[in-house]
Every structure is written in structure tokens, then in C-alpha cells.
Amino acid sequence: MLSKTVSLVTGSASGLGRATVERIVSSGGKAIICDLPSQSSLADSIIDSLGSDNVKFSPCDVTQSSDVTAALDLSENSGWGPVNCAVSCAGIATASKTLGRKGPHSLEMFSNVLAVNTVGTFNVIRLASERMSTLDPDDNGQRGVIINTASIAAYDGQVGQAAYAASKGAIVGLTLPCARDLSGVGVRVMTIAPGLFLTPLLAGLPEKVQEEMGKQIPCPRRLGDPSEFGKLVESIIENPMLNGEVIRIDGGYRMPP
Ligand SMILES: NC(=O)C1=CN([C@@H]2O[C@H](COP(=O)(O)OP(=O)(O)OC[C@H]3O[C@@H](n4cnc5c(N)ncnc54)[C@H](O)[C@@H]3O)[C@@H](O)[C@H]2O)C=CC1
Ligand SMILES: C[C@]12CC(=O)[C@H]3[C@@H](CCC4=CC(=O)CC[C@@]43C)[C@@H]1CC[C@@H]2C(=O)C=O
């Protein structure tokens with residue numbers, strides 16, 4: 001049960017983030033949906049189904065410190081107190097070769113992917129951990145948990161994924177040092193590296209392509225269901241020994257070049 005969990009979940013109007021909010025709330029916790037203002041109608045539909053006592057929306061661009069701060073404030077101003085769980089799911093994916101037919105990779109595109117995926121994730125870690133540090137510790141001396149979302153592209157980046165793989169590799173890289181940095185205040189840091197999950201990110205691809213992708217997963221031979229990501233988030237929240245580690249959730253899949 002997550003009845004004591006007060007969470008902030010970025011990128012949670014959609015996909016893996018949405019499934020995380022649904023899991024946390026169905027297990028008794030509360031969640032602040034942090035997503036771009038353009039996603040407000042999707043956020044409203046989640047609030048309609050899960051209840052405004054349990055879920056609130058804070059329009060947020062994770063690269064903006066003032067937006068993340070406002071989301072953390074919303075939890076406190078709603079009477080929920082400081083968050084004790086922060087899950088980063090906000091992310092973008094691009095496809096562009098380092099040197100393509102039209103010339104070199106756009107530097108602006110590369111920087112933008114790193115800004116949202118990597119800098120946005122670190123922005124949440126640094127600001128959420130400050131709020132968690134004000135909480136009373138539990139019996140394990142712990143005050144909170146931070147869960148980041150990388151990708152198996154951090155390890156098996158494909159053609160056209162230099163920016164995306166770099167952004168996710170950096171999240172893998174910061175997991176242990178952030179866990180070490182925050183051990184003194186009793187905050188755990190974990191990262192999930194998903195394989196192929198059926199979210200709007202993939203649903204935009206032709207159905208045939210989706211089917212073929214699913215068949216490449218060794219076992220089970222299908223794309224992941226976002227609820228399976230939510231289940232892993234719940235396990236991480238509940239297990240005080242999980243810290244400073246990256247967990248792949250990919251059905252044994254390794255991406256080809
Ligand atoms: N779906 C998949 O198979 C996989 C997804 N991932 C990662 O999981 C995370 C979630 O992906 P999905 O749910 O599939 O994608 P999605 O596209 O359904 O959801 C991503 C959400 O992030 C939000 N977002 C984008 N930029 C933002 C910003 N600057 N500030 C705040 N919110 C922002 C979007 O509005 C969207 O609601 C991403 O980081 C993605 O890279 C990793 C591996 C596989
Ligand atoms: C993000 C991920 C890998 C990608 O880069 C693709 C994305 C699905 C949509 C895409 C379509 C394209 O034509 C270009 C590539 C991409 C952006 C994939 C969904 C899951 C993949 C991932 O992160 C795996 O770990």
C-alpha cells in the first residue's frame with residue numbers, strides 16, 4: 001500500500017507517467033501531475049477518473065526551475081505536505097543521424113533533447129530532494145525516493161539515436177552519485193530503463209511496425225504495457241534496500257544497431 005506516498009510525477013498526462021499516477025493513486029497515494037500546459041485536457045481527464053482529492057495538475061516544463069518549484073509548492077499548499085516521492089517520466093525522442101544526407105545533426109536538436117531528458121530530470125532531483133529533506137525520517141532513516149526514467153537506448157543506442165541515447169546514458173550515470181549525495185538526508189535514487197512500451201510515443205508508428213517490434217521481444221513476445229512500468233515504480237517505492245541502481249524492464253530485449 002502507498003497510503004503515505006505523496007508524489008510528483010513528471011510527464012504524467014500520458015504514457016508511462018500516467019500509468020505511474022494511476023498505480024500510485026489506486027494503491028492509496030496522492031500525485032501531482034507535472035506536464036506541459038498543452039497537456040491540460042489530458043490531465044483533467046485523469047483527475048476526473050481518479051478524483052481531485054488524490055490528483056492535482058501543475059502545468060510544468062521540467063527545464064524551468066520555477067515550474068518545478070510551483071509543482072512542489074502545490075503539494076504543500078494542498079495540505080498534502082512535502083512530496084516524499086518524485087518520478088521523472090517527462091521525455092522526448094528524436095531521430096537524426098550524426099551525419100545525415102542533409103548534413104550534420106542539428107546542434108539545437110541535440111541540446112534540446114539533453115535539456116528536457118537530462119537537465120529536466122536533474123532539476124527534479126535537486127529541487128524535490130530539498131523538500132524531502134524537511135520531512136521526518138521513517139524507521140529506516142529514509143525521507144523519500146526519487147525514480148528517474150532512462151531507456152535501454154542508454155546501453156543499446158540505435159542509428160539516429162545519438163542525442164536520445166546520450167540523454168538517457170547521462171541519467172544512468174547520475175543515478176549512483178545522486179544516491180550517494182542524498183544518502184545523508186535519507187533520500188533514495190533509482191532509475192528505470194524501459195524497453196519498448198505501448199505508449200503514445202510508439203502508438204504513432206504504423207500498427208504493422210508495432211507488431212513487428214513486439215515480436216522482437218524475447219519473452220513475453222509483445223510490447224510492454226504501461227501498467228507494468230507502474231508496478232515497478234510501486235515496488236521501488238516500497239523496497240527500502242533499492243538505491244543507486246538502474247533496473248531494465250524490457251522482456252530481455254537488446255536493441256539491434
Ligand atoms: N514508450 C517507450 O517504449 C519508452 C519510453 N521511455 C521513456 O519514458 C518516458 C515516458 O515516455 P512515454 O510515456 O512513452 O512518452 P509520452 O510521449 O507518452 O509521454 C511523455 C510526456 O512527457 C511530457 N513532456 C515532454 N516534454 C516535457 C517537458 N519539457 N516538461 C514536462 N513534460 C514534458 C509530454 O507532454 C508527455 O505527456 C520518456 O522519458 C521516454 O524517453 C524509455 C524507453 C521506452
Ligand atoms: C524512444 C524509442 C526509440 C526511438 O528513438 C523511437 C521511439 C518510437 C518513435 C520513433 C520513431 C522513429 O521513426 C524514430 C525513432 C523513435 C523516436 C522509441 C520508443 C521506445 C524507444 C526507446 O526508448 C527504447 O528504449
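The structure we're discussing is the one just above.
What counts, and at which threshold
Residues numbered from 1 in each chain as written. Chains lettered and ligands numbered in written order. Predicted model: local features only at pLDDT ≥ 70, side-chain atom pairs only at ≥ 80, totals over all residues. Heavy atoms only, no water. Helix = DSSP H or I, 4+ residues; strand = E, 2+ residues; numbered from the N terminus. Rg over C-alpha atoms; globule rule 2.2 N^0.38 Å. Buried < 20%, exposed > 50% of the residue type's maximum accessible area, 1.4 Å probe, protein only. Contact = heavy atoms within 4.5 Å. Areas by Shrake-Rupley, 256 points an atom, 1.4 Å probe, with all protein chains shown as cover. Near = heavy atom within 4 Å. Polar contact = N/O pair within 3.5 Å; in protein donor to acceptor, adjacent residues only side chain to side chain. Nonpolar A, V, L, I, M, F, W, Y, C, P; charged D, E, K, R; others polar. Salt bridge = Lys/Arg side-chain N within 4 Å of Asp/Glu carboxyl O.

When you go through the protein chain residue by residue, the secondary structure sums to nine helices and nine strands. A compact globule built from 257 residues would reach a C-alpha radius of gyration of about 18 Å, and the protein chain, at 18 Å, matches this within 12%. By principal-axis analysis of the C-alpha atoms, the protein chain measures approximately 55 × 35 × 35 Å. Classification of the 257 residues of the protein chain by burial places 47% in the buried group. Residue pairs in contact within the protein chain that sit at least 24 positions apart in sequence constitute 72% of those at least 6 positions apart. For the protein chain, the computed accessible surface area is about 12,000 Å², with 53% contributed by carbon and sulfur atoms.

Around ligand 2, the surrounding shell holds 13 residues, and the nearest of these are Ala 95, Ser 151, Ile 152, Gln 161 and Tyr 164. Gln 161 is positioned such that a nitrogen or oxygen atom in its side chain is 3.0 Å from an oxygen atom of ligand 2. Pro 194 places a polar main-chain atom, nitrogen or oxygen, 3.4 Å from an oxygen atom of ligand 2. In isolation ligand 2 has 490 Å² of accessible area, and contact with the protein removes 76% of it.

For the rest of this paragraph, the subject is the site of ligand 1. Surrounding ligand 1, one finds 27 residues, the nearest of these being Ser 14, Asp 35, Tyr 164, Phe 197 and Thr 199. Taking Asp 35, its side chain carries an N or O atom lying 2.6 Å from an oxygen atom of ligand 1. In this structure, Phe 197 approaches ligand 1 through a main-chain N or O atom, which is 2.7 Å from an oxygen atom. If ligand 1 stood free it would expose 820 Å²; the protein chains cover 92% of that surface. Put simply, the parts of the chain that give the shell around ligand 1 at least two residues each are α1 (15–26), α6 (162–182) and α7 (200–203). Considering only residue class, the shell around ligand 1 consists of 15 nonpolar, nine polar and three charged.

Glancing now at the environment of Met 1. Along the chain, Met 1 turns up in the segment before β1 (6–10). A C-alpha to C-alpha distance of 8.7 Å links Met 1 and Glu 234, two positions 233 residues apart in sequence.

Applying the stated rule across the entire model yields nine salt bridges. Each of Asp 156, Arg 248, Asp 250 and Arg 254 takes part in one network of salt bridges that share partners.

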